There are 2 protein chains.
Amino acid sequence: MNTPPKPAPRKNAISPSRAEDFPEWYQQVVNEAALAENSEVRGCMVIKPWGYGIWERLQRQLDARFKETGHKNAYFPLLIPVSYLEKEATHVEGFAKECAVVTHHRLEMKDGKMVPAGELTEPFVIRPTSETIIGAAFSRWVQSYRDLPLLINQWCNVMRWEMRPRLFLRTSEFLWQEGHTAHETSDEAMAEAKLIHGVYDTFLRDVLAVPAIIGEKTEAERFPGAVATFTLEAMVQDKKAIQAGTSHFLGQNFSKAADIGFIGRTGARELAWTTSWGVSTRLIGTLLMAHGDDDGAVLPPRVAPTHVVILPVVPKPPQEAAVHQACDKLAAELRAEKFHGEPIVVEVDKRDTSGGGKNWEWIKKGVPIRIEIGPRDLEKGTVAISRRNKTGEKEFLPNAAVVSNIAATLQSIQDSLLERARKLRQDNTVEINSMDAFREFFAQEQAGFAVVPWAGSAADEETLQKDLKVTIRCLPADPALRGSAGRPCILTGNAAPGSVVFAKSY
Amino acid sequence: MNTPPKPAPRKNAISPSRAEDFPEWYQQVVNEAALAENSEVRGCMVIKPWGYGIWERLQRQLDARFKETGHKNAYFPLLIPVSYLEKEATHVEGFAKECAVVTHHRLEMKDGKMVPAGELTEPFVIRPTSETIIGAAFSRWVQSYRDLPLLINQWCNVMRWEMRPRLFLRTSEFLWQEGHTAHETSDEAMAEAKLIHGVYDTFLRDVLAVPAIIGEKTEAERFPGAVATFTLEAMVQDKKAIQAGTSHFLGQNFSKAADIGFIGRTGARELAWTTSWGVSTRLIGTLLMAHGDDDGAVLPPRVAPTHVVILPVVPKPPQEAAVHQACDKLAAELRAEKFHGEPIVVEVDKRDTSGGGKNWEWIKKGVPIRIEIGPRDLEKGTVAISRRNKTGEKEFLPNAAVVSNIAATLQSIQDSLLERARKLRQDNTVEINSMDAFREFFAQEQAGFAVVPWAGSAADEETLQKDLKVTIRCLPADPALRGSAGRPCILTGNAAPGSVVFAKSY
């Protein structure tokens, strides 16, 4: 009677499997793990508590890194006058097709229906990004070189009207942070853009267990209005790329548009050099696609809203009190331990439903560690511990060992996810030196990253995007990937400055 | 040469003074303390880093209290279909006049100008509050009584178009939290609304040092669609009331509108009982008006973004290194101390500008403690410490004493602000038993709170609001204020169920 439910499943919890239909598998994971759902507002999602819990942990750790590097948070208006967007020509062109436009400031009853009223003299868009409105503030705040650098970050919602939404990865409304900085010199602004590129890279690797390829975007893929865009490209399990974050060197384009001028050291008026950079709730989609398996989400411990769930196994009511008490005691002991400076988060799931059902619920949610305690465990002083990254394996360990090793166990799960993701990327990143091999590679349903010598034009990129649905993800920063200059471009045969990374992408 | 700048100011830093023109004083404090500023978007403010830092501290501490009482955070769409608002008649009527309406989803170039395009089949409003859209989600999430209670909170921006904006107190866009909960029974929902009312009360008192009068709103002042609204009314220094937060018992009004039904314990389908509750960036305006003085902001240490600023006093360059080193050493020692479980936040202001100017900047910002260190202090091992709540007083203390007492010093400042605010309220809360005395009381420019036996109607309230610009702030929960039933109403002479609190308000 005291035997815990068999851990080895006859079939997997998520249908279809990743191999059968990766996009639909993803949708089902988001659904079954209760992370988010579509709302009645096209393209806008509801982020449910488990999904928002991931965002909170991610946000807290990223925010600490921004503050350590000297940035301060502030908040700017949601609405942007259309005339502001227009100040930077490339910028407005880049965002015009996906702006939610506010045209009225009240509703009134007409023929029994509430209709828009109070038309605005100038319409506003809901911010798709805030360079222009933050630029206007910077223009007021910066007077002298002594006011620089100005290092600001904002956590907020933004809106880019989306015709083909996908939860977390591409939604009309999403949550993000946008950093905006102004500097005295071009070099300082470039150093800032690269500093943040590095902060994102470390964060993705250490916290999300996502090893990104970092590098610069080609002109065609740059942020509208940027001089240089630095990107982080993650590979997920269908071997496509996800752009996980970007950091932009904006030159003086936006300081010209918003007139961010200052009196320099020589007494002459100069224009500031600016940057902007952001990551969003898309990171949640990225980590789900990077780590999930056919049983659901697999959360890196450093962003899991709950590290450990304890499941009482109680076949008979008379034993219930003792088992619950043992669960609570273990929970208290675990909560006194720390993982990366924060208390271990433990939930004791005493809900009065079937043990198997509860167990599967937590598997699908991706909680890193599950612990089952039944009457027989009480006698022996042991518990049954299961790690989410090793489906089907259950270890019986003494209570004390579980407590003293909890941080190490969580870290080993974290490390194993990173290792697995690294291996996936390595196994599916291929150097290619001919167009034939390139076409053959991307003819595969699930291809990977192709590293190819490239000297083509923006028009060439467009052609390849149309023909093969591939784009240049970046000019890799890693010299081992970028390779030597002078090798022939696979398309044009001209001497290439180095290799670029091509992939299909989300 | 080593004498610190004289602390006693010839005149105050903020002009006009509170006594001269309180509203303008407030505006100047917000401006001089670099807390927030108006943007080009009517009624939408830019919250500057110092102001946002207060919001972050306030948010973190309030969020912890919500989590301790079992609530989880989630996120719901910014846009609400107009048809959703219409489902609750009182609700849409209450908000129709102040809704920003989204009618298009892109911009296009027409006659050289970007104009709205892609008209939506159904317009959306930017959420003025989220009962309706969260109700729609709850309706999907709740199936059985086992799914209840559902205890959700959201931190977000909302928009209520404002014709007479005032920074923090009344802005078109503001930041807030909105809690939304669903329960099996009326009693449980009522208990929840009251629980949060208590959480807010304790938070205001202990963290913001704001002693509120708590109680229930009259029907005329209720949230549109609520059955009961519980409020917290703070008195600020011009003796007006500010509604600092509200918690609503919504009965079944919104669960009817959104169809939040569940299978109850008897097997029959029932409608849930819901609550909602919120506080906003208005709390920042409240604490500024409650504690500020004629030299600027005075921040309660528990929400001050910086607890201690250390100002090096360096008359001659050769001494600079040693003084800076001593400042850094003291900063490191202070940062190792804790105040309410969090590290003391210390800034060393080494900017190369005049000492007097820097000192005044921090006074205006309201940082709780300023410490000056000069060459002579190095020799003596002492520092000069000034507390923001005691303008002009400077103490010379040994380094070690400053460090070991820092938490106690901060707490004593916190306590003194609460004490001062309590005294203000007590001194300006008056029991009144006749209409003549009532009219005389409110004929004063700065009146206070009038506690009066009341049995009037909503129409009576409206008349008094028109005539005297006063409203009933609440039916006080405190029996000492509410008093006995049966005394004659000051207006109608009928037996009153108890006293109410009248005041002019923001």
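Owing to the predicted nature of the structure, the values given are computational and were not obtained by experimental measurement.

K.L.:
Give me the lowdown on empty space enclosed by the protein, citing residues and values where you can.
P.N.:
Residue and element names in this part refer to chain A. Applying the stated criterion across every chain yields a total of seven cavities of 30 Å³ or more. Taken as a whole, the largest cavity encloses approximately 150 Å³ of empty space. Breaking the lining of the largest cavity down by element, the ones donating at least two residues are helix 5 (131-141), strand 8 (173-183), helix 7 (253-258) and strand 14 (273-280). No other element matches helix 5, which puts six residues into the lining of the largest cavity. Of the residues that constitute the lining of the largest cavity, the class distribution is nine nonpolar, six polar and two charged.

K.L.:
How would you summarise unusual backbone geometry if you had to cite specific residues and measurements?
P.N.:
Omega for the bond connecting Leu148(A) with Pro149(A) falls within 30 degrees of zero, at -5°, which places this linkage in the cis form. Topologically, Pro149(A) is positioned in the loop between helix 5 and strand 7 (150-159). Residues other than glycine seldom take positive phi values, yet Asp259(A) does so here, at roughly 55°. Here Asp259(A) shows up in the loop between helix 7 and strand 12 (261-263). Residue classification places Asp259(A) among the partly exposed positions, given a relative accessible area of 38%. Phi is positive for Asp111(B), which is not a glycine, with a value near 50°. The topology assignment puts Asp111(B) in the loop between strand 5 (101-110) and strand 6 (113-126).

K.L.:
Give me the packing of helix 2 (residues 49-68) of chain A against helix 8 (residues 282-291) of chain A: which residues, what numbers.
P.N.:
Residue and element names in this part refer to chain A. Interaxial distance between helix 2 and helix 8 falls to 10 Å at its minimum, and their mutual angle equals 105°. Between helix 2 and helix 8, the crossing angle belongs to the class labelled roughly perpendicular. Facing helix 2, whose interface residues are Gly51, Ile54, Trp55 and Leu58, helix 8 presents Leu283, Ile284 and Leu287. Counted by class, the contact of helix 2 with helix 8 contains six nonpolar, one polar and no charged residues.

K.L.:
Run through the packing of aromatic side chains, naming residues and quoting values.
P.N.:
All told, the structure shown has 34 aromatic pairs over all chains when counted by the stated rule. For the ring pair Phe438(A) and Phe502(A), a centre distance of 4.9 Å and an interplane angle of 80° mean the geometry is edge-to-face. Within this pair, whereas Phe438(A) is found in helix 14 (residues 435-443), its partner Phe502(A) is found in strand 25 (residues 499-503), the two being separated by 64 residues in sequence. Classification of Phe438(A) as buried rests on a relative accessible area of 0%. Judged by its relative accessible area of 1%, Phe502(A) falls in the buried class. Between the aromatic rings of Trp454(B) and Phe502(B), the centroid separation amounts to 5.2 Å while the plane-to-plane angle is 75°, which identifies the pairing as edge-to-face. You can see Trp454(B) sitting in the loop between strand 23 (449-453) and helix 15 (458-468) and its partner Phe502(B) sitting in strand 25 (residues 499-503), a full 48 residues away along the chain. Of the two residues examined, Trp454(B) and Phe502(B), each falls in the buried class. Here the guanidinium or amino end of Lys240(A) rests over the ring plane of Tyr506(A), the centre of that ring lying 4.9 Å away.

K.L.:
Go over the relation of the copies chain A and chain B, please, and point to the residues and values.
P.N.:
For the pair chain A and chain B, the best superposition has an RMSD of 0.0 Å and corresponds to a rotation of 180° with a translation of 0.0 Å parallel to the axis. Both chain copies can therefore be described as sitting about a two-fold axis. In terms of C-alpha distance to the rotation axis, chain A has Val102(A) as its closest residue, with the C-alpha 2.1 Å off the axis. Of the interface residues in chain A, 100% have counterparts in chain B that sit at the interface too, so the contact is made through matching surfaces.

K.L.:
Could you give me a rundown of the interface of chain A and chain B, with the residues and numbers involved?
P.N.:
Contacts between the two partners involve 65 residues from chain A and, on the opposite side, 65 residues from chain B. Linking chain A with chain B are six salt bridges, by the criterion used here. Counting across the interface, chain A meets chain B through 34 residue pairs in polar contact (both at pLDDT 80 or more). Examining the composition of the side of chain A that touches chain B, we find that eight residues originate from one element, strand 6 (residues 113-126) of chain A, more than from any other. When the residues that make up the side of chain A that touches chain B are grouped by side-chain class, the tally is 40 nonpolar, seven polar and 18 charged. In the sheet, strand 5 (residues 101-110) of chain A pairs with strand 5 of chain B via three bridges, with the strands oriented antiparallel. Bridging across to strand 5 of chain B, Val101(A) finds its partner in His104(B).

K.L.:
If you had to explain the sheet that holds strand 20 (residues 382-387) of chain B to someone new, which residues and values would you point to?
P.N.:
Residue and element names in this part refer to chain B. Strand order in the open sheet made by the five strands is 18-15-19-20-21, with mixed pairing throughout. Of all the strands in the sheet, just strand 18 (346-348) and strand 21 (394-398) have a single pairing partner and so form its edges. Here the strands of the sheet are splayed against their neighbours by 25° on average, with no regard to which way each runs. Pairing analysis gives five bridges linking strand 15 (residues 308-312) to strand 19 (residues 369-373), with the strands arranged parallel.

K.L.:
Account for helix 13 (residues 406-427) of chain A, naming residues and giving values.
P.N.:
With 22 residues, helix 13 of chain A extends 32 Å from end C-alpha to end C-alpha; this agrees with the ideal 32 Å at 1.5 Å per step. Residues Ile406(A), Thr409(A), Leu410(A), Ile413(A), Gln414(A), Leu417(A), Leu418(A), Ala421(A), Leu424(A) and Arg425(A) constitute the buried set of helix 13 of chain A.

K.L.:
Give a description of the state of the cysteines that names residues and reports values.
P.N.:
The final tally for this structure, using the stated rule, is zero disulfides over all chains. With no disulfide partner, Cys44(A) has as its closest neighbouring cysteine sulfur the one in Cys156(B), 13 Å distant. Relative accessible area serves as the criterion here: at 1%, Cys44(A) is assigned to the buried category.

K.L.:
Describe the pattern of salt bridges, listing the residues and the values that go with them.
P.N.:
Scanning the model with the defined rule gives 50 salt bridges over all chains in all. The residue Arg18(A) makes a salt bridge to Asp294(A) at a minimum N-O spacing of 2.8 Å. Placement of the pair is Arg18(A) in the segment before helix 1 (22-32) and Asp294(A) in the loop between helix 8 and strand 15 (308-312), with a sequence separation of 276 residues. Taking the shortest distance from any N to any O, the salt bridge between Glu333(B) and Lys329(B) comes out at 3.0 Å. With Glu333(B) and Lys329(B) both in helix 9 (residues 317-335), this residue pair falls four residues apart, about one helical turn. With a relative accessible area of 30%, Glu333(B) lands in the partly exposed category.

K.L.:
Can you tell me about the confidence of the model for chain A, naming the residues and giving the values?
P.N.:
In this model, chain A carries a mean pLDDT of 95, and residues with pLDDT of at least 70 account for 98%. This complex was scored by the predictor with a pTM of 0.96 and an ipTM of 0.95.

K.L.:
Can you tell me about the side chain of His183(B), naming the residues and giving the values?
P.N.:
All names here are of chain B. The residue His183 is located in strand 8 (residues 173-183) in this model. The class for His183 is buried, based on a relative accessible area of 3%. Polar contacts involving the side chain of His183 include one to the side chain of Thr181, which spans 2.7 Å. Ignoring sequence-local partners within four residues, the contact set of His183 consists of Leu148, Pro149, Leu151, Glu188, Ala189, Glu192, Phe262, Ala272, Trp273 and Thr275.

K.L.:
Now, about the pairing of strand 11 (residues 241-249) of chain B: what can you tell me, with residues and values included?
P.N.:
Residues and elements named next belong to chain B. The element strand 11 is extensively covered by neighbouring structure, given that eight of its nine residues are classed as buried. As defined by bridge partners, strand 10 (residues 228-235) adjoins strand 11 across eight bridges and the pair is classed as antiparallel. Bridge pairing in strand 11 links Ala234 to Ile242. Counted along the chain from strand 10 to the antiparallel partner strand 11, the turn is five residues long, and its residue Lys239 has a positive phi close to 70°. Pairing of strand 11 with strand 14 (residues 273-280) involves four bridges; the strand directions are antiparallel. Among the inter-strand pairings, Phe249 is bridged to a residue of strand 14, identified as Thr275.

What counts as what
- Throughout this description, residue numbers start from 1 for each chain and increase along the sequence as written.
- All chains are assigned letters beginning at A, and all ligands numbers beginning at 1, according to the order in which they are written.
- Thresholds applied to this predicted model are a pLDDT of at least 70 for local features of residues and 80 or more for the giving and counting of side-chain atom pairs; totals over whole chains, interfaces and linings are not thresholded and use all residues.
- Processing note: side-chain calculations cover all non-hydrogen atoms of the structure and skip hydrogens and water entirely.
- Lining residues are defined by having an atom within 4 Å of a point belonging to a cavity or pocket. Those points lie on a 1 Å grid over the protein atoms alone, cavities being sets where a 1.4 Å probe fits but cannot get out and pockets being open sets with protein on both sides within 12 Å along at least five of seven lines.
- Grid points are joined across faces, edges and corners, and a volume is the space filled by probe spheres set on the points.
- Under the DSSP-based scheme used, a helix requires at least four consecutive residues in state H or I and a strand at least two consecutive residues in state E, with every element numbered from the N terminus.
- Lys, Arg, Asp and Glu make up the charged group, whereas Ala, Val, Leu, Ile, Met, Phe, Trp, Tyr, Cys and Pro make up the nonpolar group; the residues left over, Gly among them, are polar.
- Burial status follows relative accessibility: with a 1.4 Å probe on protein chains alone, a residue under 20% of its type maximum counts as buried, one over 50% as exposed, and anything between as partly exposed.
- As a rule, the C-alpha atoms of each element are fitted with a line to give its axis, helices using only the stretch in contact, and angles between N-to-C directions run from 0 to 180 degrees.
- By definition in this entry, angles of less than 35 degrees are roughly parallel, angles greater than 145 are roughly antiparallel, angles of 65 to 115 are roughly perpendicular, and the rest are oblique.
- Whether two residues touch is decided by their heavy atoms; if any such pair falls within 4.5 Å, the residues are in contact.
- Pairs were defined over the aromatic rings of Phe, Tyr and Trp, the Trp ring being its six-membered one, requiring ring centres within 6.5 Å. Orientation was assigned from the angle between planes: stacked under 30 degrees, edge-to-face over 60, tilted for the rest.
- Sitting over a ring, as applied to charges here, requires NZ of Lys or CZ of Arg to be within 6 Å of the ring centre and within 35 degrees of the ring normal.
- Here the copies were fitted onto each other by least squares, based on C-alpha atoms from residues at pLDDT of at least 70 in both.
- A carboxyl oxygen of Asp or Glu within 4 Å of a side-chain nitrogen of Lys or Arg is what we treat as a salt bridge.
- N or O atoms closer than or at 3.5 Å make up a polar contact, with two conditions inside protein: a donor-capable atom paired with an acceptor-capable one, and, for residues adjacent in sequence, both atoms drawn from side chains.
- Strand pairing is assigned whenever DSSP detects at least two bridges linking the two strands.
- Expected helix span is computed as 1.5 Å times (number of residues minus one).
- In what follows, a disulfide is any cysteine sulfur pair within 2.5 Å.
- For every residue, the predictor states its confidence as a pLDDT score lying anywhere from 0 to 100.

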